[in-house]
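# Structural description and commentary
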Amino acid sequence: MTMGTDPAAIAMTVVELARSGRFADIEALFAPPLRAVVSAETLQVAWESQLSRIGAISAVGTPISEPPPESSVTASGKAELVKVSVPVTYERGGLTVVMSVDETGLLQGLQLAPALTEGWTPPPYVRRRRFDEQEVTVGSGALAVPGTLSLPRGHGPWPGVVLLSGGGPFDRDATSGPNKPLKDLAWGLAGRGVAVLRFDKVTHAHAGQVAADPGFTMSDEYVPHAVAAVHLLQRHPAVDAARVHVAGHSMGGKVAPRVAAAEPSVAGLVLLAGDTQPMHQAAVRVVRHLASLDPGAQAAVEAITRQAALVDSPDLSAETPAAELPFGYSGAYWLDLRDYDPVATAAALDKPMLILQGGRDYQVTVADDLAGWRAGLAHRTDVTIRVYDADDHLFFPGSGPSTPADYGKAQHVDAAVVADIADWLAPRRSGFARLVSGFKR
């Protein structure tokens, strides 16, 4: 099989082209649907931002090809997509370049995913003997995703929490380099008497289908599966159906109020580093910060500034080419984001909220984002806000200014964060569940 039709060879070629800075040559390998949403410039910005975060490439691994799932279809409707993953090792971490290659040798999907790691070890605060885990399916149909239910041992009924990860094609653990922050949270909370459901994002499990849908929005990315996960927890006999909450990190926190608005049975919200500043404006701020650490990223500042201006333009429409917009998201995606006010949505909910923020977070900040929650929810007595001065965006404690390189170090979510969430949920458990938990301590 020639390179033109061999998915593994194509994948290796793409990685080598990116390594050489030949992004226009990569774009030439895109199928029309992908070319409509990702440009050479967009790919260059994404690639160079990773280099600034975890250093130069030190090794490229062997590509791993997966047979096409029954639900995979190309633009022509044929079930011929092959998923190829190429592990790439950098100076301070790793990524997996994931591609969907069709029968003609063109790319139908391309993403930079966190590297799969086997070195994760449980944080010291985990009480592993106090809970069990089981695999579940969240949602139905072609876009159903796999998930994991962490269930305390005992009769319950336990309060429940659905975890939502941040922006990007994350797996259920929010795997990033050697770290799994959502697994930290899930295991930490489950050992303290909380049933926790986490799941792979649809952008991780079905990247090809999502990339081929120009009308895909943030709401589509989160709400259907989050609501399905809430219902799954509510149906479990060991879970208190009236005490199922949603806890979202970063963009997951931003969208959590929309989930609760869509599903009124949600008991309350936990927002971890939930952003309130418009995302395109925050992107400019963050990229400027990264450029201050690495002057070579100045081209990315110019590109993201130009793309963000188009998001603010009255000319933005669903037909605006995604290649001209930040992160290669479609016009429909940005219209949905632009029209969504997370603070106003949260303020309209009659639900308790716990809002947590890292003081060292440079992505979602106290000044730019937490200020929005404080201003919009100042009148609410059922809203609790806590700042962890030593924590970064992933709620990893440390000292000094937070940098992208920090995420490449093996760390765990702050034990105080896990304890505070569990304690906040504790009064919302039934009296029987609190009694059972008390005997088990």
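For the structure given in this document, a descriptive report is provided here. (Residues numbered from 1 in each chain as written. Predicted model: local features only at pLDDT ≥ 70, side-chain atom pairs only at ≥ 80, totals over all residues. Heavy atoms only, no water.)

## Thoughts on the overall build of the chain
When helices and strands are tallied, the chain shows 16 helices and 13 strands. Counting all 441 residues of the chain, 57% fall into the buried class. Residue pairs in contact within the chain that sit at least 24 positions apart in sequence constitute 67% of those at least 6 positions apart. Roughly 17400 Å² of accessible area belongs to the chain as shown, and the carbon and sulfur atoms make up 56% of that amount. (Helix = DSSP H or I, 4+ residues; strand = E, 2+ residues; numbered from the N terminus. Buried < 20%, exposed > 50% of the residue type's maximum accessible area, 1.4 Å probe, protein only. Contact = heavy atoms within 4.5 Å. Areas by Shrake-Rupley, 256 points an atom, 1.4 Å probe, with all protein chains shown as cover.)

## Points about the pairing of strand E9 (residues 195-199)
By the criterion of burial, E9 is predominantly enclosed, with five of the five residues buried. Of the two faces of E9, the one carrying Ala195, Leu197 and Phe199 and the one carrying Val196 and Arg198 are both buried. Examined bridge by bridge, strand E7 (residues 145-152) and E9 share four bridges and lie antiparallel to one another. Directly across from Ser150, in E9, lies its bridge partner Val196. In this sheet, E9 lies alongside strand E8 (residues 158-164) in parallel orientation, the contact comprising three bridges. In the sheet register, Val162 faces E9, and the bridge partner there is Leu197. (Pairing = 2+ DSSP bridges.)

## Topic: helix H11 (residues 298-312)
With 15 residues, H11 ought to run about 21 Å at 1.5 Å a step, and its terminal C-alpha atoms sit 22 Å apart, in line with that. Within H11 the residues assigned to the buried category are Ala300, Val301, Ala303, Ile304, Gln307, Ala308 and Val311. Projected down its long axis, H11 carries its buried residues within an arc of 170°, all on one side. (Expected span 1.5 Å × (residues − 1). Arc of directions from axis to C-beta.)

## Regarding unusual backbone geometry
Note: most peptide bonds trans; most residues except glycine with negative phi. Omega for the bond connecting Gly156 with Pro157 falls within 30 degrees of zero, at 0°, which places this linkage in the cis form. Mapped onto the elements, Pro157 comes out in the loop between E7 and E8. A positive phi is found at Ala174, a non-glycine position, where the angle reads about 55°. Here Ala174 is to be found in the loop between E8 and helix H5 (181-190). When its relative accessible area of 9% is taken as the criterion, Ala174 is described as buried. In the Ramachandran plot, Phe395 falls in the positive-phi region, its phi being about 60° despite a non-glycine side chain. Within the secondary structure, Phe395 sits in the loop between strand E13 (383-388) and helix H15 (415-425). For Phe395, a relative accessible area of 2% translates into the label buried.

## So, the sheet that holds strand E10 (residues 239-249)
Read across the open sheet, the eight strands follow the order E6-E7-E9-E8-E10-E11-E12-E13; overall the sheet is mixed. The sheet is open, and its two edges are formed by strand E6 (131-138) and E13, each paired on a single side. Put simply, the sheet's adjacent strands are angled 20° from each other on average, direction ignored. Sitting on the sheet, helix H8 (residues 218-235) touches E6, E7, E8, E9 and E10, and the angle it makes with E8 is about 165°. Here H15 sits on the sheet and contacts E8, E10, strand E11 (269-272), strand E12 (353-358) and E13; the angle it forms with E12, its principal contact strand, is near 170°. (Axes fitted to C-alpha atoms, helices over the stretch in contact; angles between N-to-C directions.)

## Description of the nonpolar core
If you look at the biggest cluster of nonpolar residues, it comprises 53 residues, and the most contacted ones within it are Leu164 and Leu269. Here this core gets 10 residues from one element, more than from any other, and that element is H8. With near-sequence residues (within four places) excluded, Leu164 lies in contact with Leu182, Phe199, Tyr222, Ala226, Val246, Ala247, Gly248, His249, Gly252, Val255 and Val259. Core analysis: the next-biggest nonpolar cluster, separate from the first, contains 38 residues, Val126, Phe170, Ala247 and Val413 among them. (Core = buried A, V, L, I, M, F, W, Y, C linked by side-chain atoms within 4.5 Å.)

## A few points about the side chain of His225
Tracing the chain through its elements places His225 in helix H8. A relative accessible area of 8% means that His225 is categorised as buried. Not counting the four nearest positions on each side in its chain, His225 is found in contact with Val138, Leu143, Ala144, Val145, Phe199 and Val202.

## Some thoughts on the environment of Arg306
Considering the arrangement of structural elements, one finds Arg306 in helix H11. It is 8.8 Å that separates the C-alpha atoms of Arg306 and Pro326, two residues lying 20 residues apart in sequence.

## Points about the packing of aromatic side chains
This model, assessed by the stated rule, comprises seven aromatic pairs. Judged by centre distance (4.2 Å) and plane angle (35°), the rings of Tyr329 and Tyr333 are tilted. In this structure Tyr333 comes out as buried when scored by relative accessible area, which is 3%. Aromatic rings pair up to connect Phe327, Tyr329, Tyr333 and Trp334 into one cluster. Sitting over the ring of Trp187, Arg128 keeps its end group 4.7 Å from the ring centre. Here the basic side chain of Arg258 rests over the ring of Tyr340, its NZ or CZ set 4.3 Å away from the ring centre. (Phe/Tyr/Trp six-rings, centres within 6.5 Å; stacked < 30°, edge-to-face > 60°. Lys NZ or Arg CZ within 6 Å of the ring centre and 35° of its normal.)

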